Number of protein chains: 2
Amino acid sequence: MAYELALSSLSDPTRRAVFERLRTGPMGVAEIASGLPVSRPAVSQHLKVLKEAGLVVDEPRGTARIYRIHAEGLRDLRDWLDSFWDDALTRFKDHAERDT
Amino acid sequence: MAYELALSSLSDPTRRAVFERLRTGPMGVAEIASGLPVSRPAVSQHLKVLKEAGLVVDEPRGTARIYRIHAEGLRDLRDWLDSFWDDALTRFKDHAERDT
DNA sequence: CCAATTCGTAAGCCATCACTAACGGTTAGT
DNA sequence: ACTAACCGTTAGTGATGGCTTACGAATTGG
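Please read all numbers here as calculations on a predicted model, not as lab measurements.

**Student:** Mind showing me how you'd approach the protein's contact with DNA strand C here?
**Tutor:** Near DNA strand C there are 23 residues, and of these Ser-44 and Tyr-67 of chain A together with Thr-14, Ser-39 and His-46 of chain B occur at the shortest range. Those atoms of DNA strand C that come within 4 Å of the protein belong to sugar or phosphate at a rate of 67%. Residue Ala-30 of chain A places a main-chain N or O atom 3.0 Å away from a phosphate oxygen belonging to DNA strand C. It is helix α4 (residues 40-52) of chain A that contributes the most residues to the surface near DNA strand C, 5 residues altogether.

Below, the structure written as structure tokens:
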């Protein structure tokens, strides 16, 4: 039901870069921005989108705010993709049965 | 390596509608357009994008041109998503071992 | 209490993209 | 050969969205 948000969120290259940067572990906004060719506020905006899509979670840590990947947010998208394989298999099966 | 194209292609709602319309089976452009709130050329443009992303294949059939889903085009995207689960599991494992 | 650090937000600019309308090409049938 | 059906492409327009700069909020440490 929420795979649309995950798709639109991950469609942007910079946002994917932010997301993949978190693969190395949780970190703050400034640390994410360093190493990316965009400003810190831009990263903050991207994180907001990723958070609304359920792909990241944040936690206050002093003055900083630590972000980390929330892989569960990808579940709906994954299920949606899998349904196409099921359809493809069913269609292939029907096609095979039609030849008998 | 081509999951970026699949993501950007499926990020558009209308394009997703076109893609899901083909779930019911192969059909022509006019048939896809009927039932969608956009014009036929718009559908044609979306199909071009989906084709470049390897998500659909087309085949001439008289004056018509039949499109159908090419599920294999989703494989790279699927693999990419799965890699995040692997990372999540590894991270969880490391976290558990740290507590021992 | 004051200064420094870290971050989110608002405003504005610019590029990208989806959409329509009009045209041209190709095939099937008479 | 002519007509009809089906489709792809182009040009132009309007809207969406990402980026930067500037500002304000919250917390830590001296």
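**Student:** Mind showing me how you'd approach the interface of chain A and chain B here?
**Tutor:** Counting residues at the interface gives 28 residues for chain A, matched by 28 residues for chain B. In total, about 2,600 Å² of surface goes out of reach between chain A and chain B, with carbon and sulfur atoms giving 65% of it. Considering only the surface of chain A that becomes buried against chain B, Arg-23, Phe-84 and Trp-85 of chain A emerge as the three largest contributors, covering 27% of it. Scanning the region where chain A abuts chain B turns up 3 salt bridges. The shortest N-O distance in the salt bridge between Asp-87 of chain A and Arg-23 of chain B comes to 3.2 Å. Counting the contacts that link chain A with chain B gives 9 residue pairs in polar contact (both at pLDDT 80 or more).

**Student:** Looking at this model, I keep getting lost on the pairing of strand β2 (residues 64-69) of chain A. Mind explaining?
**Tutor:** Taken residue by residue, a regular strand's side chains alternate between the two faces of the sheet. Residue and element names in this part refer to chain A. Relative to β2, strand β1 (residues 56-61) runs antiparallel, the two sharing 6 bridges. Residue pairing in the sheet places Val-56 in a bridge with Ile-69 of β2. Counting the residues in the hairpin turn of β1 and β2 gives 2 residues, including Gly-62, whose phi is positive at 75°.

**Student:** What is the right way to read the packing of aromatic side chains from this model?
**Tutor:** One pair of aromatic rings is described through two measures. These are the centre distance and the angle between the planes. Taken as a whole and judged by the stated rule, the model has 6 aromatic pairs over all chains. Ring plane angle 20° and centroid distance 4.7 Å describe the contact between Tyr-3 of chain A and Trp-80 of chain A, whose orientation is recorded as stacked. Taken as a pair, Tyr-3 of chain A in helix α1 (residues 3-10) and Trp-80 of chain A in helix α5 (residues 75-99) lie far apart in primary sequence, 77 residues in all. Across the pair, exposure class does not vary: Tyr-3 of chain A and Trp-80 of chain A are buried alike. Here the basic side chain of Arg-78 of chain A rests over the ring of Trp-85 of chain B, its NZ or CZ set 5.2 Å away from the ring centre.

**Student:** What is the right way to read the relation of the copies chain A and chain B from this model?
**Tutor:** Two copies of one chain are present, and they are related through a rotation about an axis combined with an axial shift. Rotating chain A by 180° and translating it 0.0 Å along the rotation axis places it on chain B, where the RMSD comes to 0.1 Å. The transformation just described matches what one would write down for a two-fold rotation axis.

**Student:** Got a minute to help me understand the pattern of salt bridges in this structure?
**Tutor:** Working definition: two side chains of opposite charge can pair if their charged atoms are close together. All names here are of chain A. Throughout the structure, instances matching the rule amount to 11 salt bridges over all chains. Salt-bridge contacts for Arg-23 lead to Glu-20; the nearest nitrogen and oxygen are separated by 3.9 Å. A salt bridge links Arg-65 to Asp-58; its shortest N-O distance comes to 2.5 Å. Its relative accessible area of 36% is what places Arg-65 among the partly exposed residues. Several salt bridges converge on common partners, so that one network encompasses Lys-51, Asp-58 and Arg-65.

**Student:** What is the right way to read the protein's contact with DNA strand D from this model?
**Tutor:** Close to DNA strand D lie 24 residues, the nearest being Thr-14, Ser-39 and His-46 of chain A together with Ser-44 and Tyr-67 of chain B. Among all atoms of DNA strand D positioned within 4 Å of the protein, those belonging to sugar or phosphate total 65%. One of the side-chain nitrogen or oxygen atoms of Gln-45 of chain A is found 3.2 Å away from a base oxygen of DNA strand D. Between DNA strand D and Arg-40 of chain B there is a distance of 3.1 Å, counted from a base oxygen to a side-chain nitrogen or oxygen. Elements with a minimum of two residues in the surface near DNA strand D: α2 (13-21) and α4 of chain A together with α3 (29-33), α4 (40-52) and β2 (64-69) of chain B. By residue number, the principal contributor to the surface near DNA strand D is α4 of chain B, which donates 5 residues. Of the residues in the surface near DNA strand D, the class split is 9 nonpolar, 10 polar and 5 charged.

Cut-offs used in this document
Residues numbered from 1 in each chain as written. Chains lettered and ligands numbered in written order. Predicted model: local features only at pLDDT ≥ 70, side-chain atom pairs only at ≥ 80, totals over all residues. Heavy atoms only, no water. Near = heavy atom within 4 Å. Polar contact = N/O pair within 3.5 Å; in protein donor to acceptor, adjacent residues only side chain to side chain. Helix = DSSP H or I, 4+ residues; strand = E, 2+ residues; numbered from the N terminus. Contact = heavy atoms within 4.5 Å. Buried area = accessible area lost by both parts, 1.4 Å probe. Salt bridge = Lys/Arg side-chain N within 4 Å of Asp/Glu carboxyl O. Pairing = 2+ DSSP bridges. Phe/Tyr/Trp six-rings, centres within 6.5 Å; stacked < 30°, edge-to-face > 60°. Buried < 20%, exposed > 50% of the residue type's maximum accessible area, 1.4 Å probe, protein only. Lys NZ or Arg CZ within 6 Å of the ring centre and 35° of its normal. Least-squares fit on C-alpha atoms with pLDDT ≥ 70 in both. Nonpolar A, V, L, I, M, F, W, Y, C, P; charged D, E, K, R; others polar.

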